[in-house]
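One letter stands for each residue in the lines below.
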Amino acid sequence: MSEEILKVEDLRTYFYSYTKEAFIRSVDSVSFSIRKGEVLGIVGESGCGKSVAAQSILGLITDGPGIISGNIFLTRNDKTVNLLDGLSDYASIRTKRKAILEISKDISGWLKRSESLMKGIRGKVISMIFQNPKSALNPFITVGDQISESIMLHKGIQAKKEAMAIASKWLERVQIDSPSMRLYDYPHGLSGGMCQRVMIAMALSSEPSLLIADEPTTGLDVTIQTKIVELLKKLREELALTILLITHDMNVIMQLADRIAVMYGGRIVEYGLKKEIMDSNSFIRHPYTIALLNSIPTIGEIKAKERLRAIKGDVPDTITLYRGCRFYERCTLKNDRIKKRCKEAEPEMIEIGTGHYMRCWLAE
Ligand SMILES: Nc1ncnc2c1ncn2[C@@H]1O[C@H](COP(=O)(O)OP(=O)(O)O)[C@@H](O)[C@H]1O
Ligand code: SF4
Ligand SMILES: [Mg+2]
């Protein structure tokens, strides 16, 4: 088995909402790992904490009372660093019966420490692509200048001409038409799909150990989404990429991921190899995973541009301290035997098959 590049342990990311006058537990004790060369897909509906988890890994949680705790171990060249090392010295949480009463944080000390931990890592060792690539690119700088500047910064190349030549190669790799001409285009002249290809080229040009792709296809036309998925598939094979793929779209996960973490209400509720989770003979799956799978539109529905069949009900807020299972209200599979337990106690994550974990009383 290949080595773990990233190991996230008990990650918690909490914010204070001034409008709700309460603490939000966006990521609430999440653990997972990513092995070299694999694609780990984190899937869940909007608001489940996927992006906040990614931002936590990259040290991008800078908001005042925002706090993260746990460990994020990054391993490369046989060396392991904890990207949250020492941050707990700058923040503390006061709780009473699991409810958060107060978070105090030395913001400037925190930011200083976080920036020093992320130095040389963000954008270089771990790079990221987002939804809305158009707004992520600088509208005033040509595509070639943006990619070549990133190459000069992260690859230690000093000659602009050389960096531009490498940028052109990356544009070729992401299959942009006439790459050498595109170097001189500004982002506004490019389509959404082309901008995403540019973002992918830029993210990969630092030859990162880990690529985080947060909703890389969301907001693009369906045909373009398919092309971006195909491109990511091709690139991961050619370059043996390690990818943390975040999406609400089960279809994208099915096509790209090797392992899946299903996230709900700030927690991972199912985790394991895709082939095991998706195996139609699998005797057990988390009711939320089943609901997500059932919400995938059929080809006919996609063609008819029908609305996505959403799961009935809303994702839980993570302010309320639920006693029982966070999926209780929406779960259609709880039966009379376990109903009471589901309502009163939150299930622990238990191993139901080799490396396959689930948080549900049905698994008992
Ligand atoms: N900076 C922030 N301050 C307060 N709440 C936030 C912040 N960022 C995200 N959240 C909240 O955290 C929850 C998870 O958000 P997010 O990770 O963006 O969800 P997802 O990516 O799964 O759609 C949401 O309820 C969101 O409103
Ligand atoms: S613990 Fe109960 S309510 Fe929660 S997902 Fe499992 S069966 Fe449904
Ligand atoms: Mg998101």
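Residues numbered from 1 in each chain as written. Chains lettered and ligands numbered in written order. Predicted model: local features only at pLDDT ≥ 70, side-chain atom pairs only at ≥ 80, totals over all residues.

Peer 1: Is there a simple way to think about the overall build of the chain in this case?
Peer 2: When helices and strands are tallied, the chain shows 13 helices and 14 strands. Expected size for 364 residues packed as a compact globule is a radius of gyration near 21 Å; at 21 Å, the chain falls within 12% of this value. Taking all 364 residues of the chain together, the buried fraction comes to 40%. Within the chain, contacts between residues separated by at least 24 positions form 64% of all contacts whose residues are at least 6 apart in sequence. (Helix = DSSP H or I, 4+ residues; strand = E, 2+ residues; numbered from the N terminus. Rg over C-alpha atoms; globule rule 2.2 N^0.38 Å. Buried ≥ 20, exposed ≤ 12 C-beta atoms within 10 Å, placed from the backbone. Contact = placed C-beta atoms within 7 Å.)

Peer 1: Before we go on, may I ask you to explain the site of ligand 2 in this structure?
Peer 2: Close to ligand 2 lie 13 residues, the nearest being Cys325, Cys331, Lys334, Cys342 and Cys360. Class assignment for the residues of the shell around ligand 2 results in 12 nonpolar, no polar and one charged. (Near = placed C-beta within 6 Å. Nonpolar A, V, L, I, M, F, W, Y, C, P; charged D, E, K, R; others polar.)

Peer 1: Whenever I open this one, the site of ligand 1 confuses me. Can you help?
Peer 2: Around ligand 1 sit 14 residues in total, of which Phe15, Ser26, Lys50, Ser51 and Val52 are the nearest. For the shell around ligand 1, the secondary structure elements donating two or more residues are strand E1 (4-17), strand E2 (22-35) and helix H1 (50-57). If you tally residues by element for the shell around ligand 1, the top one is H1, at three residues. The residue makeup of the shell around ligand 1, split by class, is four nonpolar, eight polar and two charged.

Peer 1: What's the story with the nonpolar core in this structure? I'm lost.
Peer 2: The tendency in soluble globular proteins is for nonpolar side chains to be buried side by side. Residues Leu40, Ile212, Leu244, Leu245, Ala261 and Val262 are the most contacted members of the largest nonpolar core, which totals 93 residues. The greatest single-element share of this core, amounting to eight residues, is contributed by helix H7 (residues 192-204). (Core = buried A, V, L, I, M, F, W, Y, C linked by C-beta atoms within 7 Å.)

Peer 1: What is the right way to look at the sheet that holds E1 in this model?
Peer 2: Within a beta sheet, neighbouring strands are joined by backbone hydrogen bonds and run either parallel or antiparallel to one another. Read from one edge of the open sheet, four strands run E2-E1-E4-E5, paired in antiparallel fashion. In this open sheet, the two strands that pair with only one neighbour each are E2 and strand E5 (79-82). For this sheet the average axis-to-axis angle between neighbouring strands, irrespective of direction, equals 10°. Looking at chain direction, strand E4 (residues 67-76) and E5 are connected through four bridges and run antiparallel. Considered in E5, the bridge of arginine 76 is made with lysine 79. (Pairing = 2+ DSSP bridges. Axes fitted to C-alpha atoms, helices over the stretch in contact; angles between N-to-C directions.)

Peer 1: Sorry, what's going on with the packing of H7 against helix H8 (residues 222-239) here?
Peer 2: Two packed helices can be described by the angle between their axes and the distance between those axes. One way to put it is that H7 packs onto H8 with a least axis distance of 10 Å and a crossing angle of 20°. By the angle class used here, H7 and H8 are roughly parallel. Note on packing geometry: the crossing formed by H7 with H8 is right-handed. Packed against H7, whose contacting residues are Gly192, Gly193, Gln196, Arg197 and Ile200, the element H8 presents Ile224, Lys227, Ile228 and Leu231 at the interface. Per-class residue counts for the contact of H7 with H8 are four nonpolar, three polar and two charged. (Parallel < 35°, antiparallel > 145°, perpendicular 65-115°, else oblique. Left-handed = near helix turned anticlockwise from the far one by under 90°.)

Peer 1: What's the story with the pairing of E4 in this structure? I'm lost.
Peer 2: Pairing geometry for E1 and E4, over seven bridges, is antiparallel. Looking at the pairing, tyrosine 14 lines up with isoleucine 67 of E4. Here E4 folds back onto E5, and the loop between the two strands holds two residues, one of which, asparagine 77, carries a positive phi near 50°.

Peer 1: I would appreciate a short explanation of H1 in the present structure.
Peer 2: Of all eight residues making up H1, eight are buried, and the element is well covered by its neighbours. Of the positions making up H1, those classed as buried are Lys50, Ser51, Val52, Ala53, Ala54, Gln55, Ser56 and Ile57. Downstream of H1 by a residue or two, glycine 59 has a phi angle that is positive, lying close to 65°.

Peer 1: Sorry if this is basic, but what is going on with the sheet that holds strand E3 (residues 39-43) here?
Peer 2: Read from one edge to the other, the open sheet built from eight strands follows the order E8-E9-E10-E3-E11-E12-E14-E13, with strand pairing classed as mixed. Since the sheet does not close on itself, it has two edges, and those belong to strand E8 (126-129) and strand E13 (350-353), each with one partner. Geometrically, the sheet is characterised by an average inter-axis angle of 20° between neighbouring strands, direction not taken into account. When strand E9 (residues 210-214) meets strand E10 (residues 243-247), the two strands line up parallel, connected through four bridges. Following the sheet pairing, alanine 213 is matched in E10 by leucine 245. Helix-sheet contacts for H7 involve E8 and E9, and the interaxial angle to E8 is about 175°.

Peer 1: I keep staring at helix H5 (residues 160-173) and nothing clicks. Help me out?
Peer 2: Three- or four-residue spacings in an α-helix give side chains the same orientation, since the helix completes a turn every 3.6 residues. An ideal rise of 1.5 Å per residue puts 20 Å on 14 residues; H5 measures up with 20 Å between its terminal C-alpha atoms. Among all positions in H5, only Ala163, Ala167, Ser168, Trp170 and Leu171 are buried. Taken down its axis, H5 places every buried residue within 160° of arc, on the same side. Residue glutamine 175 follows H5 closely and has a positive phi angle near 60°. (Expected span 1.5 Å × (residues − 1). Arc of directions from axis to C-beta.)

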